[in-house]
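The primary structure of each chain is shown beneath.
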Amino acid sequence: MELETLTVEIEAPRATITFNRPDKKNAMNPQMHLDMNTALDALEERRDLKVLVITGSGNSFSAGMDLEECFLQPFEDADLFYRTNLAALKWFQRLKAFPLVTIAQVNGYAFGGGFEVTGLCDLAVAAEDVKFGLSEINFGIFPAGGATWAVTHNMPRKQALYYILTGATLTGTEAAQYGLVNQAVPAEELEAAVDAMVARIVNKNPVTLRLAKEVYEATTTMDLPRAIDYDQAKLWELSRLSDNEWITVALKQFEKRSFRPGIATYSRTEADDASKRSA
Ligand code: COA
């Protein structure tokens, strides 16, 4: 799928969205926000996907919101200013709750919205030399539109406040130390590292992946009794939606000693996926 500001490639069960304004360091302009909503709509419709990778073309992941098109140009008209940014706020929230496993593949610069997208994805791999920054304080505001949320939900308090208050940059290596990304690798190994992460996910049951995310997200705000109540209900939902595959296929294979769940995933076929997706 070719959109004005994005490339969307599908190699089921993986989809890849590439921010594609390299001459502007992939700054997110209003068109990109509309395009992201269009792309997420299209991907959500499909039944054959498990993973969404987000990356940037050229030498940047994203330099964040397009400061001219999103803020300077519409500023005189309050209604236009509000509407210009609405599409951004919409897709940031959608990304956080997206039914596929989302992975940020971070290259080059990741400022403001680029930092936020890294934090909103479920998983992230960065090149060691990436420059992450919450530059908002440098131009007189604070990280908004979910950016502060993304920082506080990925980094320890002292580090979060340090980068919010100083606008200092951090490298991919530092981002891995603080938990903003899972892993930092030399730039030339970035794609291979993401491919390896994708490979560990695509052999899983798609219904289980989706519900695992839902249980994680929902239970972060619950006390233990509620969390247990919720996860038990979701386990019943999983069993129903996947024809009890965890018992009838996975644990049966364990019974026959044909796999060890501690070190591998049980054997599944594409046909298994197809039947689960149509549930
Ligand atoms: N909004 C709009 N345009 C941007 C942009 C942004 N966030 N980030 C980069 N660009 C544009 C530059 O203005 C320049 O456009 P031009 O060729 O028309 O002059 C082009 O992208 C290339 O950027 P440039 O500044 O020349 O590259 P650089 O390698 O010297 O610096 C950055 C890269 C990312 C450090 C620098 O562009 C920058 O500070 N950008 C703003 C980052 C930011 O604060 N983002 C947070 C927004 S919430």
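This is a predicted model, so every value here is computed, not measured.

### Some thoughts on the pattern of salt bridges
With the rule as written, the count across this model stands at 14 salt bridges. As a salt-bridge pair, Arg 94 and Asp 41 come within 2.9 Å of each other at their nearest N and O atoms. In this pair, Arg 94 is assigned in helix H3 (residues 78-96) and Asp 41 in helix H1 (residues 30-45), connecting sequence segments 53 residues apart. Across the salt bridge formed by Arg 83 and Asp 79, the nearest N and O atoms sit 2.9 Å from each other. Of the two residues, Arg 83 and Asp 79 both sit in helix H3, four residues apart, roughly one turn of that helix. Given a relative accessible area of 47%, Arg 83 falls into the partly exposed group.

### Here we look at the sheet that holds strand E6 (residues 123-127)
With respect to topology, six strands assemble into an open sheet ordered E1-E2-E3-E4-E6-E9, the strand pairing being mixed. In this open sheet, the two edge strands, each paired with only one partner strand, are strand E1 (6-11) and strand E9 (183-185). With direction set aside, neighbouring strand axes in the sheet form an average angle of 20°. Here helix H8 (residues 190-201) sits on the sheet in contact with strand E2 (14-19), strand E3 (51-56), strand E4 (101-106), E6 and E9, set at roughly 170° to E4.

### Description of the domain arrangement of the protein chain
We note that the domain assignment places domain 1 (6-201) and domain 2 (206-278) within the protein chain. For domain 1 versus domain 2, the distance between C-alpha centres works out to 29 Å. Contacts between the two partners involve 12 residues from domain 1 and, on the opposite side, nine residues from domain 2. Considering only the side of domain 1, the residues that lose the most area to domain 2 are Arg 47, Lys 50 and Lys 96, jointly responsible for 55% of the buried surface there. At the junction of domain 1 and domain 2, the tally comes to two salt bridges. Lys 96 serves as the salt-bridge partner of Glu 217, at 3.0 Å between the closest nitrogen and oxygen. Summed over the shared surface of domain 1 and domain 2, the number is four residue pairs in polar contact (both at pLDDT 80 or more).

### What to know about unusual backbone geometry
Pro 13 follows Ala 12 through a cis peptide bond whose omega is 10°. Within the secondary structure, Pro 13 sits in the loop between E1 and E2. Here Asn 26, not a glycine, exhibits a phi torsion of approximately 60°, which is positive. Structurally, Asn 26 can be placed in the loop between E2 and H1. Located in the positive-phi region is Asp 243, a residue other than glycine, with phi close to 50°.

### Here's the deal with the sheet that holds strand E7 (residues 131-133)
The mixed open sheet is built from three strands, whose spatial order is E5-E7-E8. Edge positions in the sheet fall to strand E5 (109-111) and strand E8 (169-171), since each of these pairs with one other strand and no more. The sheet shows a mean angle of 20° between the axes of neighbouring strands, taken without regard to direction. Relative to E8, E7 runs antiparallel, the two being bridged by three bridges. Pairing of Lys 131 across the sheet is with Thr 171, part of E8.

### What to know about the nonpolar core
In this structure, Ile 17, Phe 19, Leu 52, Ile 54, Trp 91, Val 117 and Phe 132 are the most contacted members of the largest nonpolar core, which totals 47 residues. In contact with Ile 54, other than residues within four places in its own chain, are Ile 17, Phe 19, Met 36, Phe 61, Leu 95, Ile 103, Ala 104, Gln 105, Val 117 and Cys 121. In terms of nonpolar packing, the next biggest core, distinct from the first, is built from 13 residues, Val 53, Val 101, Val 185 and Ala 193 among them.

### Focus on the site of the ligand
By nearness alone, every residue bordering the ligand is listed as Asp 23, Lys 24, Lys 25, Ala 27, Ala 63, Met 65, Asp 66, Leu 67, Tyr 109, Phe 111 and Ser 135. For the ligand, an oxygen atom lies 2.7 Å from a polar atom in the side chain of Lys 24. In this structure, a nitrogen atom belonging to the ligand sits 2.9 Å away from a main-chain N or O atom of Leu 67. Considering the ligand on its own, with 860 Å² of exposed area, one finds that the protein chains cover 59% of that surface. By residue class, the composition of the shell around the ligand is six nonpolar, one polar and four charged.

### Some details on a negative patch on the surface
Residues Glu 128, Asp 129, Glu 188 and Glu 189 make up a contiguous surface patch of negative charge. Among the structural elements, Glu 128 can be located in the loop between E6 and E7.

### Quick word on the side chain of Glu 136
Turning to its location among the elements, Glu 136 is positioned in the loop between E7 and helix H5 (147-152). One buried charged residue, Glu 136, remains without a salt bridge, the closest side chain of opposite sign being Arg 21 at 15 Å. For Glu 136, the contacting residues outside a window of four places in its chain are Gly 112, Ile 141, Phe 142, Pro 143 and Ala 147.

Calculation rules
Residues numbered from 1 in each chain as written. Predicted model: local features only at pLDDT ≥ 70, side-chain atom pairs only at ≥ 80, totals over all residues. Heavy atoms only, no water. Salt bridge = Lys/Arg side-chain N within 4 Å of Asp/Glu carboxyl O. Helix = DSSP H or I, 4+ residues; strand = E, 2+ residues; numbered from the N terminus. Buried < 20%, exposed > 50% of the residue type's maximum accessible area, 1.4 Å probe, protein only. Pairing = 2+ DSSP bridges. Axes fitted to C-alpha atoms, helices over the stretch in contact; angles between N-to-C directions. Contact = heavy atoms within 4.5 Å. Domains from an automatic or database assignment. Buried area = accessible area lost by both parts, 1.4 Å probe. Polar contact = N/O pair within 3.5 Å; in protein donor to acceptor, adjacent residues only side chain to side chain. Core = buried A, V, L, I, M, F, W, Y, C linked by side-chain atoms within 4.5 Å. Near = heavy atom within 4 Å. Areas by Shrake-Rupley, 256 points an atom, 1.4 Å probe, with all protein chains shown as cover. Nonpolar A, V, L, I, M, F, W, Y, C, P; charged D, E, K, R; others polar. Patch = residues over 30% accessible without salt bridge, like charges linked within 9 Å, V, L, I, M, F, W, Y side chains within 5 Å. Lys, Arg positive; Asp, Glu negative; His and termini not counted. Charge placed at Lys NZ, Arg CZ, Asp CG, Glu CD.

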